[in-house]
Amino acid sequence: QVQLVESGGGLVQPGGSLRLSCAASGTIFGFNVMGWFRQGPGKERELVATITNGGRTNYADSVKGRFTISRDNGKNTVYLQMNNLKPEDTAVYYCRYSPLGQATWGQGTQVTVSS
């Protein structure tokens, strides 16, 4: 099974930037979707952004124009560049790998936006 290791979370002030990384190991199938989800305090888990192996992207309305998802298929790594961060972006961010079979989740990384 695929294993996912996330990094890049931390504390940042409003208006700042942060870049998350998710490195996948194991057998990676050609047809797959990788993405980022988040769960804020007292809120349900929600989609942030997804990207297919072919490079098609999808974003939540709340992050459009501020976040950018990308992937390096050679390194089996997906990134989330987060700009102009707001306090409401505070959440645990989870990476997900979705082939045709069972999806795999990362352990999560904390992002806190506060003065």
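A brief report on the enclosed structure follows. Just so it is clear, the model here is predicted, and its values are computed rather than measured. (Residues numbered from 1 in each chain as written. Predicted model: local features only at pLDDT ≥ 70, side-chain atom pairs only at ≥ 80, totals over all residues. Heavy atoms only, no water.)

**What to know about the environment of Ala-60**
Summarising the element assignment, Ala-60 is placed in the loop between strand 6 (57-59) and strand 7 (67-72). C-alpha separation for the pair Ala-60 and Val-48, spaced twelve residues apart in sequence, amounts to 5.2 Å. Excluding anything up to four places from it in sequence, Ala-60 contacts Leu-47 and Val-48. (Helix = DSSP H or I, 4+ residues; strand = E, 2+ residues; numbered from the N terminus. Contact = heavy atoms within 4.5 Å.)

**Remarks on the environment of Trp-105**
Locating Trp-105 in the fold gives a position in strand 10 (residues 104-105). Note on Trp-105: relative accessible area 33%, which makes it partly exposed. Excluding residues within four positions of it along the chain, Trp-105 makes contact with Leu-4, Phe-37, Arg-45, Tyr-94, Cys-95 and Arg-96. (Buried < 20%, exposed > 50% of the residue type's maximum accessible area, 1.4 Å probe, protein only.)

**Describing the pairing of strand 4 (residues 33-39)**
Counting buried residues along strand 4, five of its seven residues qualify, which places the element largely inside the surrounding structure. Note: strand 4 against strand 5 (residues 46-52), six bridges, orientation antiparallel. Residue pairing across strands places Gly-35 opposite Thr-50, the latter belonging to strand 5. From the end of strand 4 to the start of strand 5, which pair antiparallel, there are six residues, and Gly-42 there has a positive phi angle of about 75°. The sheet contact formed by strand 4 and strand 9 (residues 91-98) spans seven bridges and is antiparallel. Looking at the pairing, Arg-38 lines up with Tyr-93 of strand 9. (Pairing = 2+ DSSP bridges.)

**So, the pattern of salt bridges**
Two side chains of opposite charge can pair, provided their charged atoms sit close to one another. Inspection of every chain in the model, using the stated rule, returns four salt bridges. Across the pair Glu-46 and Arg-38 runs a salt bridge whose closest N-O atoms are separated by 2.8 Å. For Arg-38, a relative accessible area of 6% translates into the label buried. Here Asp-89 and Arg-66 are joined by a salt bridge, their closest N and O atoms 2.8 Å apart. Within this pair, whereas Asp-89 is found in the loop between strand 8 (77-82) and strand 9, its partner Arg-66 is found in the loop between strand 6 and strand 7, the two being separated by 23 residues in sequence. The pair Asp-89 / Arg-66 is uniform in exposure class, with both members buried. Through salt bridges with shared partners, a single ionic network connects Arg-38, Glu-46, Arg-66 and Asp-89. (Salt bridge = Lys/Arg side-chain N within 4 Å of Asp/Glu carboxyl O.)

**Considerations on the nonpolar core**
One finds Trp-36, Leu-80, Met-82 and Tyr-93 to be the most contacted residues of the largest nonpolar core, which totals 26 residues. Secondary-structure elements contributing two or more residues to this core are strand 3 (18-25), strand 4, strand 5, strand 7, strand 8, strand 9 and strand 11 (109-113). In contact with Tyr-93, not counting residues within four places along its chain, are Glu-6, Leu-20, Trp-36, Phe-37, Arg-38, Val-48, Phe-67, Leu-80, Met-82, Gly-108, Thr-109 and Val-111. (Core = buried A, V, L, I, M, F, W, Y, C linked by side-chain atoms within 4.5 Å.)

So, to be careful, I would describe these as geometric facts and stop short of saying anything about function.
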